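So the chains spell out like this:
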Amino acid sequence: MKRLKKLTKRLFLLTVVVIVIAGCALAGSGYKMYRDALNHQSLESKVAEVQSNLSYTTLSEMPELYLDAVVAVEDHRFEQHFGIDLIAIGRAAWNNLTSWSLREGGSTITQQLAKNMYFTQEKSFIRKIAEMFMAFRLDSSYTKDEILELYLNIINYGDNHIGILEASQGYFLKNPSKLTLDEASLLAGLPQSPSNYQLSNHSDAARNRQKYVLE
C-alpha cells in the first residue's frame, strides 16, 4: 500500500512536470509566432494600413447604441481587462478540456483584432498564445476607443462584407450613422460566426442571435 502511494505520487509529479514543460514549449512557440508577425510588419504599419482603407469609419460615425450592443455581446468586460479576459479564458479552457475540443476561445475584442490583423482563423494553441501576446501589445499601445474602432473596421459580417461601412451599406443601403436599433442589434450579432449568421441565407439564425444581443 505504501509502495502504491509512493508510485502514485511520482506519477502525479511526473505528469505535472510534463504539463509544465509542454506549456513552456507552447508559450515559446506562440511568442515566436508573435515576434515573426511583427518582424514581417510592425504594429504601427499594420494599424496605418487598416486606417487608410477608403471604407474606414470612425466611432463618431457609428451610433452609440451599436457600439454598446457590440461590447455587450462580444466582450462585456472590454473596458476592464488588459487585452485578455482571464475569466473568459478560464471558462473556455474548462469547456474545452471537458469536451476534448477547441470549440471555445474566450477571445476578447482585442484578441479578435489581433487575430484578424496578423493571424489565420486556424484553431491551435500556438496561434492562440501568439494572439494573446499581440493583444497585450495592442492594449498597451492604443486606447480602448482606438482598439474598438479598428476592430469594427476589420471584422467580417458575412456575405463578403468586411467592416461596419460595407456591412451597413451592403445589408441596409445606408451609412452606419443612420442605423436603427433593429439594424444595429442585428449587425452586432453577426461577427461571432459570419458564415452561420449572414443575412443572405441565414436570416432566421441571425434574428435568433439578435434576441441574445438585445437581452
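In this text the structure is predicted, and so the values were computed from the model without any measurement. (Residues numbered from 1 in each chain as written. Predicted model: local features only at pLDDT ≥ 70, side-chain atom pairs only at ≥ 80, totals over all residues. Heavy atoms only, no water.)

What about a nonpolar patch on the surface?
- There is a patch of nonpolar side chains on the surface, built from Leu26, Phe125 and Ile126 and spanning about 250 Å² of accessible area.
- Mapped onto the elements of the fold, Ile126 is located in helix H6 (residues 125-141). (Patch = residues over 30% accessible without salt bridge, like charges linked within 9 Å, V, L, I, M, F, W, Y side chains within 5 Å. Areas by Shrake-Rupley, 256 points an atom, 1.4 Å probe, with all protein chains shown as cover. Salt bridge = Lys/Arg side-chain N within 4 Å of Asp/Glu carboxyl O. Helix = DSSP H or I, 4+ residues; strand = E, 2+ residues; numbered from the N terminus.)

Some words on the packing of helix H8 (residues 164-172) against helix H9 (residues 181-189)
- In contact at an axis separation of 11 Å, H8 and H9 are set at 125 degrees when each is read in the N-to-C sense. The angle between H8 and H9 places the two elements in the oblique class. Between H8 and H9 the crossing geometry is right-handed. Along the contact surface, H8 presents Ile164, Ala167, Ser168, Tyr171 and Phe172, while H9 presents Glu183, Leu186 and Leu187.
- A class-by-class count of the residues in the contact of H8 with H9 yields six nonpolar, one polar and one charged. (Axes fitted to C-alpha atoms, helices over the stretch in contact; angles between N-to-C directions. Parallel < 35°, antiparallel > 145°, perpendicular 65-115°, else oblique. Left-handed = near helix turned anticlockwise from the far one by under 90°. Contact = heavy atoms within 4.5 Å. Nonpolar A, V, L, I, M, F, W, Y, C, P; charged D, E, K, R; others polar.)

Looking at the confidence of the model for the chain
- For the chain, mean pLDDT is 87; residues scoring 70 or higher make up 81% of the total.
- Mean pLDDT across the secondary structure elements of the chain bottoms out at helix H4 (residues 86-99), with 64, and peaks at helix H7 (residues 144-154), with 98. (pLDDT = per-residue confidence, 0-100.)

Thoughts on the packing of aromatic side chains
- This structure, assessed with the given rule, holds six aromatic pairs.
- Measuring from centroid to centroid gives 6.3 Å for Tyr118 and Phe119, while their planes differ by 45 degrees, and the two rings are tilted. The same class applies to Tyr118 as to Phe119, namely buried.
- Centre to centre, the rings of Tyr171 and Phe172 are 6.4 Å apart; their planes meet at 55 degrees, and the pair counts as tilted.
- Here Tyr171 falls in the buried class, since its relative accessible area comes to 17%.
- The class of Phe172 is buried, set by a relative accessible area of 19%. (Phe/Tyr/Trp six-rings, centres within 6.5 Å; stacked < 30°, edge-to-face > 60°. Buried < 20%, exposed > 50% of the residue type's maximum accessible area, 1.4 Å probe, protein only.)

Comments concerning the pattern of salt bridges
- Tallying each qualifying case throughout the model produces nine salt bridges.
- The partner of Glu74 in a salt bridge is Arg209, and the shortest N-O contact between them spans 4.0 Å. On the criterion of sequence distance, the pair formed by Glu74 in helix H3 (residues 64-74) and Arg209 in helix H11 (residues 203-214) is long-range, its members being 135 residues apart.
- Owing to a relative accessible area of 13%, Glu74 belongs among the buried residues under this scheme.
- Judged by relative accessible area, which is 9%, Arg209 ranks as buried.

Focus: H9
- The buried fraction of H9 amounts to seven of the nine residues, a majority that puts the element mostly inside the structure.
- All of the buried residues along H9 are Glu183, Ala184, Ser185, Leu186, Leu187, Ala188 and Gly189.
- In this fold, the buried residues of H9 make contact with H3, H8, helix H10 (194-197) and H11.

Details of a negative patch on the surface
- A contiguous patch of negative charge, built from Glu64, Asp68, Glu79, Asp145 and Glu146, is present on the exposed surface.
- Those elements that provide at least two residues to the negative patch are H3 and H7.
- For Asp68, the location among the structural elements is in helix H3. (Lys, Arg positive; Asp, Glu negative; His and termini not counted. Charge placed at Lys NZ, Arg CZ, Asp CG, Glu CD.)

Considering the nonpolar core
- Formed by 48 residues in total, the largest nonpolar core has its most connected members in Tyr66, Leu148, Leu152, Tyr157 and Leu187.
- Among residues more than four places away in sequence, those in contact with Tyr66 are Leu152, Tyr157, Ile164, Ala184, Leu187 and Ala188. (Core = buried A, V, L, I, M, F, W, Y, C linked by side-chain atoms within 4.5 Å.)

Some points on the packing of H3 against H7
- The geometry of H3 relative to H7 is characterised by a closest axis approach of 12 Å and an angle of 90 degrees between their N-to-C directions. What the angle tells us is that H3 and H7 run roughly perpendicular. Of the residues in H7, those in contact with Tyr66, Leu67, Val70, Val71 and Glu74 of H3 are Leu148, Tyr151 and Leu152.
- By residue class, the composition of the contact of H3 with H7 is seven nonpolar, no polar and one charged.

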